[in-house]
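Coordinate inspection notes
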Amino acid sequence: MSKISVLGLGAMGSALAATLLRNGHSVTVWNRTPARAEPLAAAGARIAASPADAMADADLTILCVVDYAAARAVLEEAEGALAGRDLVNLTNGTPRDAQELADWVAAKGAAYLDGGIMAIPPMIGEAGALILYSGSTALFERHKPSLLALAEGRFLGEDPGRAALYDLALLSGMYGLFSGFLHAGALVTSSGAGMSDFLTLLLPWLEAMSGTLPDLAGKIDSGLHDRNVVSNLAMQAIALENIVRASREQNVAPDFINAMRRLTAMRVDQGHGGDDISGVIELIRRLE
Ligand code: NDP
């Protein structure tokens, strides 16, 4: 069993440390506000006096704080202890954040693996939790058993920013779902109906529509948005226009849906009314 240090004991860091303890690892913890370490000490963790103390003899250090500014602040306190260490950073940030931190850590002589946690704290160590990793392959391989005890792990290659990119892309899908859910809710409840009842219609509808995604993904990959189109963009632009008009009639703010309406109309105006909705991506991935 490895000696693992966890820096950052918020909701997520505490869940990571508790899971490692349950799995029989020797766990050292550190948090800026020391009181948050006490429940973990009661469960068998050693409390370190500083980030450098925590890293000093750890086989693996896991960092999980609120953002990259905090991550950098913690690591600067441990600067002298970094050489030769293995660091996994599970703090949420952008691909550039990850690349910059990876470069800084490499300059101090440590191996770096970035990670994106696709789970909430109670899911850590349970089925259904996923962590995306990218960065040092050797580090991932060295600590695979410990990392896989936290969650299913998907290694995405040596680019340290890749895990953050995929993490944020998955969250984008989630927030798209939530914004559609919220707009649908505002429309339906404007008539006095209940959202829970409406969900019996919405859920199977979303499941049915998610069945169209493999076809749309193929169109995005090939760039051939005009093949086998069953619901053309010109028709969909009218539906989106109707949703925006209905929202105004029902006194519902059209903000969520208006972005989609605007981009779809723009694509139709550019002469792509016969294409599938996948073609809208050509407008957004070229915006500066
Ligand atoms: P919390 O708000 O519960 O905890 C934040 C942690 O960051 C605390 O340990 C806090 O220390 C520390 N911190 C903040 N600023 C500093 C600083 N300047 N120097 C040192 N430490 C600092 O957040 P979570 O634990 O929930 O989230 C941690 C990371 O995990 C985030 O990047 C988040 O996006 C990610 N994550 C969280 C999920 C969740 O559902 N909670 C899900 C997936 C990812 P202190 O106690 O001293 O304030």
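These figures come from a predicted structure and were not determined experimentally.

Parameters and conventions
- Residues numbered from 1 in each chain as written.
- Predicted model: local features only at pLDDT ≥ 70, side-chain atom pairs only at ≥ 80, totals over all residues.
- Heavy atoms only, no water.
- Near = heavy atom within 4 Å.
- Polar contact = N/O pair within 3.5 Å; in protein donor to acceptor, adjacent residues only side chain to side chain.
- Areas by Shrake-Rupley, 256 points an atom, 1.4 Å probe, with all protein chains shown as cover.
- Helix = DSSP H or I, 4+ residues; strand = E, 2+ residues; numbered from the N terminus.
- Nonpolar A, V, L, I, M, F, W, Y, C, P; charged D, E, K, R; others polar.
- Patch = residues over 30% accessible without salt bridge, like charges linked within 9 Å, V, L, I, M, F, W, Y side chains within 5 Å.
- Salt bridge = Lys/Arg side-chain N within 4 Å of Asp/Glu carboxyl O.
- Buried < 20%, exposed > 50% of the residue type's maximum accessible area, 1.4 Å probe, protein only.
- Pairing = 2+ DSSP bridges.
- Contact = heavy atoms within 4.5 Å.
- Axes fitted to C-alpha atoms, helices over the stretch in contact; angles between N-to-C directions.
- Right-handed = clockwise from strand over helix to strand, strands pointing away.

So, on to the site of the ligand. Taken together, 21 residues form the shell around the ligand, and within it Met12, Asn31, Thr33, Arg36 and Asn92 come nearest. Measuring from an oxygen atom of the ligand, one finds a backbone N or O atom of Ala11 at 2.9 Å. A distance of 2.5 Å separates an oxygen atom of the ligand from a polar atom in the side chain of Thr33. Across the complex, the protein chains shield 74% of the 900 Å² of accessible surface that the ligand would expose by itself. With 3 residues, helix H1 (residues 11-22) is the largest single contributor of residues to the shell around the ligand. Grouping the amino acids of the shell around the ligand by side-chain chemistry returns 12 nonpolar, 7 polar and 2 charged.

Before going further, it helps to spend a moment on a nonpolar patch on the surface. A cluster of nonpolar residues, Tyr175, Leu177, Phe178, Trp205, Leu206 and Met209, forms a patch on the protein surface that exposes about 610 Å² of accessible area. Among the secondary structure elements, those contributing two or more residues to the nonpolar patch are helix H8 (162-189) and helix H9 (195-210). Within the secondary structure, Tyr175 is located in helix H8. Its relative accessible area of 51% is what places Tyr175 among the exposed residues.

Strand order in the open sheet formed by 8 strands is S3-S2-S1-S4-S5-S6-S7-S8, with mixed pairing between adjacent strands. What marks the edges here is a single partner per strand, and that holds for strand S3 (46-47) and strand S8 (152-155). One ladder, built from 6 bridges, connects strand S6 (residues 111-118) with strand S7 (residues 130-135); its direction is antiparallel. Note on S7: the bridge partner recorded for Ile117 is Ile131. Sheet strands touched by H8: S6 and S7. Its angle to S6, the strand with the most contacts, is close to 10°.

Bringing the pairing of strand S2 (residues 26-30) into the picture now. If a strand is regular, its side chains alternate between the two faces of the sheet. Extensive coverage of S2 is indicated by the burial of 4 of its 5 residues. As a crossover connection, the stretch from strand S1 (residues 3-7) through H1 into S2 is right-handed. Here 2 bridges tie S2 to S3, and the two strands are oriented parallel to one another. Note on S3: the bridge partner recorded for Val29 is Ile47.

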